[in-house]
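Here's the letter readout for the chains.
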Amino acid sequence: MQQVILLELNEINFEYVEHYIGQGKLPNFKSLIRTYGVRKTTSEARYEDIEPWIQWVTAHTGLMLSEHGVFRLGDIEGRDLYQIWEMLEDSGVTIGAVCPINASNRTKNAKFFIPDPWTNTRVTGSFLIRKLYAAISQAVNENSESRIAIDSAFWLLIGAITYARPANYLRYFALATMAIRKSWPKAIFLDLLLSDVFVQLTKRKRPLFATLFLNAGAHIQHHYLFNSPAYKGDQKNPMWYARKEDDPVFTVYSAYDDILGTIFASFPGARFIVATGIHQDPHPETTFYWRLKDHAAFLHSIGLEFEEVLPRMSRDFVIRCKDCISASHVEQALLEAKGPDSLQLFSVDNRGNDLFVMLIYANDIGIDFKLMVNGRTIDDFRNLVSFVAIKNGQHNSEGYLVDSGQIVNEGAASVPLALLPDIVKSAFQNHADRKESPRT
């Protein structure tokens, strides 16, 4: 039975990929696209619904947002959704997964399953894999503060020693050296490590279906798209933010190109499916992103009561309260939080006992920024937040799909992203020996 490998290159813009191919770069992307062709994928229509943690749930379940109801990162927890990994397991296909975003590990006998850093679900793997996952999760969730715990650094080092390919040693060293002065190489370093973990685990465990999700490209496009020569607009990043001669977009695309080459060479008989879910367009205005340094300490300092706070990606966090009355009080206080320009600081999605909160203030926060919240004035709010980025890229619902099992011509009709599970399952039609049925 032919192995199928799904590579999820989150939000990558193939138009920018083509720009670099036109410059004689990205040979593996070029070979992939020229050999098999590209189809566009479609998903949600409303801009508010175009988020990777929504679209990838669609890609993994075959259900649109109105059907799966997963609107926020982490919302997959506790949902009885039938995902591609369970579908295939129930058909007798062995599976493995590395960091699929907003996915719940509901497998019965996965060869390996490493969740994304933001979703509270179990890890299927060795002791080292579990330790490495915990280290990755801590490093990712505290990235804006450039803080890695000592034990996390230790297990990241052990993981790199164990799984890193010798051919990548120089790239790891170069990225680590760049990360001393810049923030974006850390994301590429992590994706490179995840790809090496994926290759080794897939070689050892030999699942028939294996998925790898990589997010550094999306992260870097959001923050540095204006630095790419493929961008033709008027926006520019300030020199203190990114040097004019730096092109982080090409750096991550180049790393992905090498990862593609490694995976193609490591599994020569496999069917490869490359999907982006969505892609990014240039953002038309200047927007700052901020993140609370210590979410719990901030909430305590303004007199709010809660049971637990869970940081999510970038500006987002979840507050869990003892009851809906407490949650309502916290919601009201945060919604009334205003800066000196009277602009709102937070958006709140009330789910009963839980609140999904986003720090939405989009202007600069200076050292004299005073925050009025819950009847109190915070004079040093700048010291309570970390600068995350200047927004460069925004979401577009179109994605891209390349499938080595189906060659398409230029201009081929787009397909709904929700058809991805059917495309994958079709590769194993002859392997299924019993009818699939959702689990209970």
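Everything quoted here is computed from the prediction, not taken from an experiment. (Residues numbered from 1 in each chain as written. Predicted model: local features only at pLDDT ≥ 70, side-chain atom pairs only at ≥ 80, totals over all residues. Heavy atoms only, no water.)

A. Molecular detail of the overall build of the chain. The secondary structure content of the chain amounts to 14 helices and 18 strands. For 440 residues, the compact-globule formula gives about 22 Å, and the C-alpha radius of gyration of the chain, at 22 Å, lands near that figure. Expressed along its principal axes, the backbone C-alpha trace of the chain runs to roughly 65 × 55 × 45 Å. For the chain, the residues scored as buried account for 56% of the 440 residues in total. Taking all contacts inside the chain whose residues are at least 6 apart in sequence as the whole, residues at least 24 apart take part in 68%. Here the chain displays about 18,800 Å² of accessible surface, and carbon together with sulfur accounts for 52% of that area. (Helix = DSSP H or I, 4+ residues; strand = E, 2+ residues; numbered from the N terminus. Rg over C-alpha atoms; globule rule 2.2 N^0.38 Å. Buried < 20%, exposed > 50% of the residue type's maximum accessible area, 1.4 Å probe, protein only. Contact = heavy atoms within 4.5 Å. Areas by Shrake-Rupley, 256 points an atom, 1.4 Å probe, with all protein chains shown as cover.)

B. Up close: the packing of helix α7 (residues 150-163) against helix α9 (residues 185-205). Following both chains from N to C, one finds α7 and α9 inclined at 50 degrees, their axes separated by 9 Å at the closest point. On the basis of their axis angle, the class for α7 and α9 is oblique. For the pair α7 and α9, the crossing hand works out as left-handed. Here Leu-156, Gly-159, Ala-160, Thr-162 and Tyr-163 of α7 lie close against α9, whose contacting residues are Leu-193, Asp-196, Val-197, Gln-200, Leu-201 and Arg-204. Per-class residue counts for the contact of α7 with α9 are six nonpolar, three polar and two charged. (Axes fitted to C-alpha atoms, helices over the stretch in contact; angles between N-to-C directions. Parallel < 35°, antiparallel > 145°, perpendicular 65-115°, else oblique. Left-handed = near helix turned anticlockwise from the far one by under 90°. Nonpolar A, V, L, I, M, F, W, Y, C, P; charged D, E, K, R; others polar.)

C. Highlighting the pairing of strand β1 (residues 4-9). Judged by how many residues are buried, β1 sits mostly within the fold: six of six residues are covered. What you see with β1 is no split at all: Val-4, Leu-6 and Glu-8 on one side and Ile-5, Leu-7 and Leu-9 on the other are buried throughout. Pairing analysis gives five bridges linking β1 to strand β6 (residues 271-275), with the strands arranged parallel. Each bridged residue has a counterpart across the sheet, and for Glu-8 the counterpart in β6 is Ala-275. (Pairing = 2+ DSSP bridges.)

D. Broad picture of the sheet that holds strand β3 (residues 95-98). Taken together, the eight strands give an open sheet; going across it, the order is β4-β3-β5-β1-β6-β17-β2-β18, and neighbouring strands pair in mixed fashion. The open sheet has two free edges, formed respectively by β4 (112-114) and β18 (415-416), since each of these has just one partner strand. When β1 meets strand β5 (residues 209-214), the two strands line up parallel, connected through six bridges. Paired with Val-4 across the bridge in β5 is Phe-209.

E. View of the nonpolar core. Counting residues in each nonpolar core, the largest one holds 102 residues, and the members touching the most others are Ile-263, Ile-319, Leu-334, Phe-346 and Phe-381. Of the residues forming this core, the biggest block, 10 residues, is contributed by α9. Not counting the four nearest positions on each side in its chain, Leu-334 is found in contact with Leu-299, Ile-302, Leu-304, Ile-319, Phe-346, Val-348 and Val-357. Among the nonpolar cores identified, the runner-up in size contains 34 residues, and Ile-54, Ile-84, Leu-417 and Val-424 belong to it. (Core = buried A, V, L, I, M, F, W, Y, C linked by side-chain atoms within 4.5 Å.)

F. Just the packing of helix α6 (residues 127-141) against α7, in detail. With their axes 8 Å apart at the nearest point, α6 and α7 run at an angle of 125 degrees to one another. The orientation of α6 with respect to α7, classified from their angle, is oblique. Seen along the crossing, α6 lies across α7 with a hand that is left-handed. Residues Phe-127, Leu-128, Ile-129, Lys-131, Leu-132, Ala-135, Ile-136, Gln-138 and Ala-139 of α6 form the contact with α7, whose own contacting residues are Ser-152, Trp-155, Leu-156, Ile-158, Gly-159, Thr-162 and Tyr-163. For the contact of α6 with α7, the per-class residue count stands at 11 nonpolar, four polar and one charged.

G. View of the confidence of the model for the chain. Averaged over every residue, the pLDDT of the chain is 93; the share at 70 or more is 96%. Note that pLDDT drops below 50 for residues 433-440; the model gives that stretch 19 contacts with residues more than four away or on any other chain. (pLDDT = per-residue confidence, 0-100.)

H. Fine view of the pattern of salt bridges. For the structure shown, the criterion picks out 19 salt bridges. One salt bridge in this structure joins Asp-258 and Arg-171, with 2.0 Å as the shortest N-O distance. Remark: Arg-171 occurs in helix α8 (residues 169-178) and Asp-258 occurs in helix α11 (residues 248-266); sequence separation between them is 87 residues. According to the relative accessible area criterion, Asp-258 is partly exposed, its value standing at 33%. Across the pair Asp-354 and Arg-320 runs a salt bridge, and its minimum N-O distance is 3.6 Å. Taken as a pair, Asp-354 in strand β12 (residues 354-359) and Arg-320 in strand β10 (residues 316-320) lie far apart in primary sequence, 34 residues in all. Judged by its relative accessible area of 25%, Asp-354 is partly exposed. In this structure, a network of salt bridges that share partners links the residues Glu-77, Glu-308, Arg-312, Arg-320 and Asp-354. (Salt bridge = Lys/Arg side-chain N within 4 Å of Asp/Glu carboxyl O.)

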